[in-house]
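Commentary on secondary and tertiary structure
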Amino acid sequence: MTASTSAGASRGARYNIGQVLDQLRPDFPGVTIPKIRFLEEQGLVKPERTAAGYRKFSGDDVARLRYILLMQRDHYLPLKVIGEHLDAIDRGMEPPAIDSVVPTVPKVALAADGLPSPESFRRTSDLRLSRRELLKVAGISEELLGQLEQFGLVSAHTGTGHFDSDALVVAQTARELADFGFEPRHLRAFKTSADREVGLVQQVVAPLARGRDAAARGRAEDATSEIAALSVRLHATLVKVGLDRG
C-alpha cells in the first residue's frame, strides 16, 4: 500500500474530518480528531479548505493518513522519518526500505551442554518494551499477559512501566507452553521453585558480599553467576531423569 492509493475511495470524493475518522477507526481504534489535526499541523497531510474554513479530505489524503498510522503502529517510525517517506512518494519515488525495528530477545550465552552458562547470568540488556510492544513481539494476548502478571511471572518496571528482555522471554515461553495446554496458573509451580532456588543462592553468597575489601562485591557477583548456572544444570538434569524414569 502507498500513500497515493486507497482501495474503494473515489479520487473525486471529499470527506469531512468526522467521515475520515469513521474510515480509519476500524483499523486504528486509537485515532482521534485531535490526532488528525496534529498530523496536519506537522505538514504530513494537507486537506483542502472550504470558504468557511472547513477541512475537506480527498481519497488520497485518507490513504496518506492510513500510511502514517500504519508506519507508527507497525514499525514505530518517528514522524520525521515518515515525512521523508511521504516526500519520496510525492516525488514519484518508492519510499525507503523499512528495516526491522522489532525488538528481539538477546542471545543467551550457552555452555557446551546447551544450558545457560555463568556468562548468561552476568549479562544485562537495555531492551525496554512498552506493553503494546511486548504483546506484539511475544505474540500473546492482553488476557494472557494479564494472567502472567496476576501470578507474578511478569511485571513491568516501577516508574517507567516498561518490560525488559526477561519479561519477553517469559511471555514467549508461556505462549509456547500454552500450545501444550499449560495455563498461567500452572506456571506458578515454576515460579515457586525458582524463588526457592534464588533464596538458596542468596543465602550461600551473602557472606561473600559482606567482605570488607573492595573486591568483595565482584566475588559475590561471580559466585552468584556460577551457582545459578550450576543450579539450572542440576534442575534440568533432575527433570530429565524423572521423565526418563517415568
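What you see is a predicted model; the values in this text were computed from it and never measured.

**As for the overall build of the protein chain**
Check the secondary structure of the protein chain and you find 10 helices and three strands. Secondary structure elements of the protein chain occur, N-terminal to C-terminal, as β-α-α-β-β-α-α-α-α-α-α-α-α. For the protein chain, the share of sequence-separated contacts (at least 6 apart) that also reach a separation of at least 24 residues comes to 57%. Summed over its atoms, the accessible surface of the protein chain is roughly 15500 Å², and 54% of this surface lies on carbon and sulfur atoms.

**Concerning the nonpolar core**
Membership of the largest hydrophobic core comes to 22 residues, with the highest contact counts inside it found for V20, L24, I36 and L65. Looking at this core, the elements with two or more residues in it are helix 1 (17-24), helix 2 (33-41), helix 3 (59-75) and helix 4 (79-90). If you tally residues by element for this core, the top one is helix 3, at six residues.

**Considerations on the sheet that holds strand 3 (residues 55-58)**
Taken in spatial order, the three strands line up as 1-3-2 in an open sheet, and their pairing is antiparallel. For this open sheet the edge positions go to strand 1 (14-15) and strand 2 (48-49), each flanked by a neighbour on one side alone. Bridge analysis of strand 1 against strand 3 gives two bridges, and the strand direction is antiparallel. If you follow Y15 over to strand 3, its bridge partner there is F57. Of the strands in this sheet, strand 1 and strand 3 are in contact with helix 3, which crosses strand 3 at around 80°.

**Things to note about the confidence of the model for the protein chain**
Residue-level pLDDT values for the protein chain average 83, and 87% of them are 70 or greater. Element-level mean pLDDT values for the protein chain span from 73 in helix 5 (residues 118-122) up to 95 in helix 1. Low pLDDT (under 50) marks residues 1-9, which in the prediction has 17 contacts with non-local residues, meaning those over four places away or in another chain.

**Things to note about the packing of helix 6 (residues 131-138) against helix 8 (residues 165-178)**
For the pair helix 6 and helix 8, the least separation of the axes is 9 Å and the interaxial angle reads 45°. The pairing of helix 6 with helix 8 is recorded here as oblique in orientation. The two elements helix 6 and helix 8 cross, and the hand of that crossing is right-handed. Where helix 6 approaches helix 8, its residues L134, V137 and A138 are matched on the opposing element by A167, L168, A171, Q172 and R175. For the contact of helix 6 with helix 8, the residue count by class is six nonpolar, one polar and one charged.

Thresholds applied
Residues numbered from 1 in each chain as written. Predicted model: local features only at pLDDT ≥ 70, side-chain atom pairs only at ≥ 80, totals over all residues. Heavy atoms only, no water. Helix = DSSP H or I, 4+ residues; strand = E, 2+ residues; numbered from the N terminus. Contact = heavy atoms within 4.5 Å. Areas by Shrake-Rupley, 256 points an atom, 1.4 Å probe, with all protein chains shown as cover. Core = buried A, V, L, I, M, F, W, Y, C linked by side-chain atoms within 4.5 Å. Buried < 20%, exposed > 50% of the residue type's maximum accessible area, 1.4 Å probe, protein only. Pairing = 2+ DSSP bridges. Axes fitted to C-alpha atoms, helices over the stretch in contact; angles between N-to-C directions. pLDDT = per-residue confidence, 0-100. Parallel < 35°, antiparallel > 145°, perpendicular 65-115°, else oblique. Left-handed = near helix turned anticlockwise from the far one by under 90°. Nonpolar A, V, L, I, M, F, W, Y, C, P; charged D, E, K, R; others polar.

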